[in-house]
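Each chain is listed here by its residues.
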Amino acid sequence: MSSQTLAAPARPQPPINPHPGRDLVSIRDLSPIEVESLFHLSALVKARPQDFRTALAGKHIAMFFEKPSLRTRLTFEAGICGLGGSVSFIDQRHERLEARETLSDIAHNVERWVSGIVLRTFAHETVAGMAELACVPVINALSEVEHPCQALADYFTLHEKFGNLRKICLAYVGDGNNVMHSLLLTSAVLGSKIRIATPKGYGPNPQILADAHDIAKNTGAIIELMTDPHQAVRGVDAVYTDAWTSMGHEHETEERAKTFPPYQVNDKLMAGAAPHAVFMHCLPAHRNEEVTDAIIDSVRSIVFDQAENRMHVQKAILMMLVGGKSRQPLRSAHA
Ligand code: CP
Ligand code: NVA
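Residues numbered from 1 in each chain as written. Chains lettered and ligands numbered in written order. Predicted model: local features only at pLDDT ≥ 70, side-chain atom pairs only at ≥ 80, totals over all residues. Heavy atoms only, no water.

**Considerations on the site of ligand 2**
Surveying the vicinity of ligand 2 reveals the residues Leu 142, Asn 177, Asn 178, Val 179, Asp 242, Ser 246, Met 247 and Leu 283. Between ligand 2 and the protein, one listed contact pairs an oxygen atom with a side-chain N or O atom of Asn 178 at 2.8 Å. Within the contact set of ligand 2, an oxygen atom lies 2.8 Å away from a backbone nitrogen or oxygen of Met 247. Considering ligand 2 on its own, with 270 Å² of exposed area, one finds that the protein chains cover 94% of that surface. Across the shell around ligand 2, the residue classes tally to four nonpolar, three polar and one charged. (Near = heavy atom within 4 Å. Polar contact = N/O pair within 3.5 Å; in protein donor to acceptor, adjacent residues only side chain to side chain. Areas by Shrake-Rupley, 256 points an atom, 1.4 Å probe, with all protein chains shown as cover. Nonpolar A, V, L, I, M, F, W, Y, C, P; charged D, E, K, R; others polar.)

**Brief notes about the site of ligand 1**
Taken together, Ser 69, Leu 70, Arg 71, Thr 72, Arg 120, His 147, Gln 150, Cys 282, Leu 283 and Arg 310 form the complete shell of residues around ligand 1. In this structure, Ser 69 approaches ligand 1 through a side-chain N or O atom, which is 2.6 Å from an oxygen atom. Contacts to ligand 1 include Gln 150, whose side-chain N or O atom sits 2.9 Å from a nitrogen atom. Summarising the interface, the protein chains cover 95% of the accessible area of ligand 1, which totals 260 Å² for the free molecule. Here the shell around ligand 1 is composed, by residue class, of three nonpolar, four polar and three charged.

**Topic: the confidence of the model for the protein chain**
Averaged over all residues, the pLDDT of the protein chain equals 92, while 90% of them reach at least 70. Confidence drops under a pLDDT of 50 for residues 1-5, and excluding neighbours within four residues, the segment shows zero contacts in the predicted structure. Segment residues 11-21: pLDDT under 50, and eleven contacts once partners within four positions in sequence are set aside and those in other chains are kept. (pLDDT = per-residue confidence, 0-100. Contact = heavy atoms within 4.5 Å.)

Here it is, written out as structure tokens:
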């Protein structure tokens, strides 16, 4: 036996990300051309899913969810499997992500095992922090501030219905929440027109609004803010609403139930929109609160088209970020 001491093997280096910073934390991470390419790829994968069966072959995705989910979880899981990848779902509903160890330690573990991370978190800082720390792509599956996958699927659905998004107007009525922020930013990126009616004190985050106005300067988007829901829906092509109380705000439910009833989407409100106007909701819906049964179950409602498109659009997002077709960096597009 040799008395020579065994040399310690070189410490393995973290994998080098060939496409650093390819995350989707905010709609602000996307340029207009990237959203257009994303919609193009979404349409292709929707029309011919069989052509994309191996796009994520050999890739494993980890999903950490601090909040409940039906649509986002299943559309990601079905989408990843449909692209030939594999997925682990980690239920974080009983313990925030950073309760056991630091976000940095989690990031530097997980990046060694998987090709991408999908996060649904309370704090936006958690998903933004993971994107900064992990050297694999990170996708925001809903945070306190944004729900980018939702808004991209929604505008893809509007594109299917109406074609040119520069020629349509969407009215969002209700709470100035994560979904509204992502819709606002997406309309800005796409050069579309959006009207937003919220009660006083429930408007958009000022930074998101300022960023949307900045983007709109280049794209020609029109953003109008108001408090009157009837004024907002006048003549529009699409009326969108969401829960009056988002996850994490349950303690405010009673207070909000006093403020929001004038923002209910019902026959009277819908009557002010264009005759061809569609009704949209990210779901889950609180029937006969923010929307009546008569509207959500009407022929004008496209809520299940939106839900279906979550999967097609997320497949395209995954291919662009983790595997697939595009090699365009998606970060800092507006820098
Ligand atoms: N719209 C949406 O994100 O639904 P889930 O909360 O069920 O994922
Ligand atoms: N604004 C809602 C969206 C749910 C998909 C929430 O955050 O609870």
